Amino acid sequence: MKFTVCDRVRIFGLIALCVAALAAGTSVHAQSPGPAFPNKPIRVVVPFPAGGAIDSFVRTIGPELERQLGQTIVVFNKPGGGSQIAASDVLLSPADGHTIFVGQIGDFTVNPLLYKNINYIPARDFEPVTMLVRAPQVMLANAGGKINSVKSLKETMASPGGLVTYGSFGPGTAPHLLGHILSKQASGAKFTHVPYKGFPPAMQALMSQEVDLLFDAVPGTLNMMKAGKVVPLAVAGTQRNSHLPDVPTTAEIGFPALVMDFWIGAVVKKGTPAAIVNKLSDALQRSVASPENLKRFSDSGYIRVATTPTEFESSIRSETERIKPVIVETGVVID
């Protein structure tokens, strides 16, 4: 068969088109992002028992988060070991965004400084997703105790023979660190730290006057303050709290260094693609901001915080640097 020049041009043109099509197909295939995210249920790992503040928070936003992501949300409670059990679960999971770690300030800033042989380092092992809510700590006293006002607190702190006892939920917890910071301001009195195993026994100790002071976040004790069961002396924040408009800040009563918030945030395993991290951040923020959830959290004493992954990372870093010298001063180290 003989081909004319025109035939040959047409044939070479067809071959060129086929090669180009194959190359385009190969290129598209190579750049394919894979299955859409999420493509299976989302596991949310909580480092505390069911019924606690973090667990309740996650279960509250769960239905809306399912709607935002189009997948079932399954909560796994993994308490113990200074949150290391929960962290291990996340670190053993794929870095694909289908496992989220939701914790609080101590999990991301205090524990890595407190535990001698901790199995996770937030900056090394996790991708920050977003901070979700926060609430200031409050200095609490017993109405019938020897310290039941700012005046009696300052008088006792200035007394050479004075003694101030303060409770906590254990060494290195926020009440312990805040009590230690306050003790540095005492010109006469001796401060004694009394650790308890969690919130219930620590609060019972305050109510029975076994200790003089206890710090806790607004959501945990708001109803008790409103009922007069405990007396709020000062808000350990930079501004007054809307639920406690008549309670001064610690700066207003002369203790500007006594500032610490309780906050809740989410992270995923290091190496999770940025697009997935951003999608989770947006979905979590929308879940908190739904009208029903936002009202529920606000009524409980939480303040919504919507941070980008980068902003959350910066916040964790700065908070860690601020807390580090306080922990060093206390001398607390947990094996």
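Above this text you will find the structure in question.
Keep in mind the model is a prediction, meaning the values are calculated, not measured.

A. The overall build of the protein, seen in detail. Each helix and strand in the protein was counted, giving twelve helices and ten strands. Every one of the 335 residues in the protein was classed for burial, and the buried ones make up 48%. At a minimum sequence separation of 6, the contacts of the protein that also span at least 24 residues come to 78%. Approximately 16,000 Å² of the protein is accessible, and the part contributed by carbon and sulfur atoms is 58%.

B. Fine view of helix H8 (residues 199–207). Of all the positions in H8, only Ala 202, Met 203, Ala 205 and Leu 206 are classed as buried. Taken around the axis of H8, the buried residues stretch over an arc of 155°, which confines them to a single face.

C. Structural detail: the pattern of salt bridges. A complete count under the given rule lists 15 salt bridges for this structure. Measuring nitrogen to oxygen at the nearest pair gives 3.4 Å for the salt bridge that ties Asp 89 to Lys 78. Taken together, the positions of Asp 89 in helix H3 (residues 84–91) and Lys 78 in the loop between strand S2 (73–77) and H3 put the pair eleven residues apart, joining distant regions of the chain. Classification of Asp 89 by relative accessible area gives buried; the value is 15%. Under the relative-accessibility criterion, Lys 78 is labelled partly exposed at 27%. Two residues, Arg 296 and Glu 292, come together in a salt bridge whose shortest N-O distance is 3.1 Å. Placement of both Arg 296 and Glu 292 in helix H11 (residues 291–300) is noted, with a separation of four residues, approximately one turn of the helix.

The rules behind these values
Residues numbered from 1 in each chain as written. Predicted model: local features only at pLDDT ≥ 70, side-chain atom pairs only at ≥ 80, totals over all residues. Heavy atoms only, no water. Helix = DSSP H or I, 4+ residues; strand = E, 2+ residues; numbered from the N terminus. Buried < 20%, exposed > 50% of the residue type's maximum accessible area, 1.4 Å probe, protein only. Contact = heavy atoms within 4.5 Å. Areas by Shrake-Rupley, 256 points an atom, 1.4 Å probe, with all protein chains shown as cover. Arc of directions from axis to C-beta. Salt bridge = Lys/Arg side-chain N within 4 Å of Asp/Glu carboxyl O.

The values are spatial; any link to function lies outside them.
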